[in-house]
Amino acid sequence: MKKFLILVWVLSLFVAGLVIASPKFQVRDMGVSSNQAEYVKGEVLVKFRAEYQNNNRERLSQSLGCTITSSSNKGGFDKITIPSDKSVEEIIAQYKADPNVVTAEPNYIYHALMVPNDPYYPYQWHMPMINMEQAWDQNAGEGVIVGVLDAGVAYENYDIYAQAPDLAQTTFVQGYDFINNDSHPNDDNGHGTHVAGTIAQSTNNN
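Residues numbered from 1 in each chain as written. Predicted model: local features only at pLDDT ≥ 70, side-chain atom pairs only at ≥ 80, totals over all residues. Heavy atoms only, no water.

A. View of a nonpolar patch on the surface. A contiguous nonpolar patch, built from Val 144, Val 146 and Val 148 and spanning about 190 Å² of accessible area, is present on the exposed surface. Mapped onto the fold, Val 144 is located in the loop between α5 (132-138) and α6 (191-203). (Patch = residues over 30% accessible without salt bridge, like charges linked within 9 Å, V, L, I, M, F, W, Y side chains within 5 Å. Areas by Shrake-Rupley, 256 points an atom, 1.4 Å probe, with all protein chains shown as cover. Salt bridge = Lys/Arg side-chain N within 4 Å of Asp/Glu carboxyl O. Helix = DSSP H or I, 4+ residues; strand = E, 2+ residues; numbered from the N terminus.)

B. Fine view of the nonpolar core. In this structure, Val 44, Val 46, Phe 48, Cys 66, Ile 80, Tyr 95 and Val 101 are the most contacted members of the largest nonpolar core, which totals 17 residues. Only β1 (39-48), α3 (88-96) and β4 (101-108) provide two or more residues apiece to this core. Those residues in contact with Tyr 95, other than ones at most four positions away along the chain, are Val 44, Val 46, Phe 48, Leu 60, Ser 61, Leu 64, Cys 66, Ile 80, Val 101 and Ala 104. If you look at the next biggest cluster of nonpolar residues, it comprises seven residues, including Ala 154, Ala 164, Leu 167 and Ala 196. (Core = buried A, V, L, I, M, F, W, Y, C linked by side-chain atoms within 4.5 Å. Buried < 20%, exposed > 50% of the residue type's maximum accessible area, 1.4 Å probe, protein only. Contact = heavy atoms within 4.5 Å.)

C. Structural context of helix α2 (residues 54-63). Here α2 has its buried residues at Arg 57, Leu 60 and Ser 61. The arc enclosing the buried residues of α2, seen along the axis, measures out at 100 degrees, which places them on a common side. Away from the buried face of α2 by more than 90 degrees, exposed residues Gln 62 and Ser 63 are located. Buried residues along α2 sit in contact with β1, β2 (67-72), β3 (77-81), α3 and β4. (Arc of directions from axis to C-beta.)

D. Region of the structure containing the sheet that holds β4. Strand order in the open sheet formed by four strands is β2-β3-β1-β4, with antiparallel pairing between adjacent strands. Strands with a single pairing partner mark the edges of an open sheet, and in this sheet they are β2 and β4. Strand-to-strand twist across the sheet, computed as the mean angle between neighbouring axes with direction ignored, equals 30 degrees. Pairing analysis gives six bridges linking β1 to β4, with the strands arranged antiparallel. Bridge assignment links Lys 47 to a residue of β4, and that residue is Thr 103. Sheet strands touched by α3: β1, β3 and β4. Its angle to β1, the strand with the most contacts, is close to 10 degrees. (Pairing = 2+ DSSP bridges. Axes fitted to C-alpha atoms, helices over the stretch in contact; angles between N-to-C directions.)

In structure tokens, the structure reads:
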């Protein structure tokens, strides 16, 4: 048993070293990327200046061969159908040339993904390596209980140890410290907290 625990400890230190030495991996951006954007063909969204009257909007659109099909009171933009022989990019350029147009853009298609909006998420290079985003699309893992055999977890305020703020809302079952032989398996080097944080985020198990 002692040899096994020593082996686990050595492996933990080795993995921690890899984490520190690993290069920054680029994860995909949330929403729509500029070079792979998806949008509705034959439609554009145009926002006019507030004082620009509806009849003027209709007149401008008709001059471009377009038709205003609907308007959003909350968003303040019009959804416009464009001619079949014109590209979305061409029509957008023509609308933007008019000083009464605030903005014009494609009617982008967004897909719901379980990707965190945490500004530090791009630094979590291990998530795309384990295909976590694809897994989130299938299941968020709610209600899952996972055991971590590592260097401990910063799960509580105890003695010299402090709880990691990101784990404050995570529910822990009672663990055990097999090195110090006590019921307070707090983290001695940070690696166990890194692993537990990954699991907590991956399973959404709050």
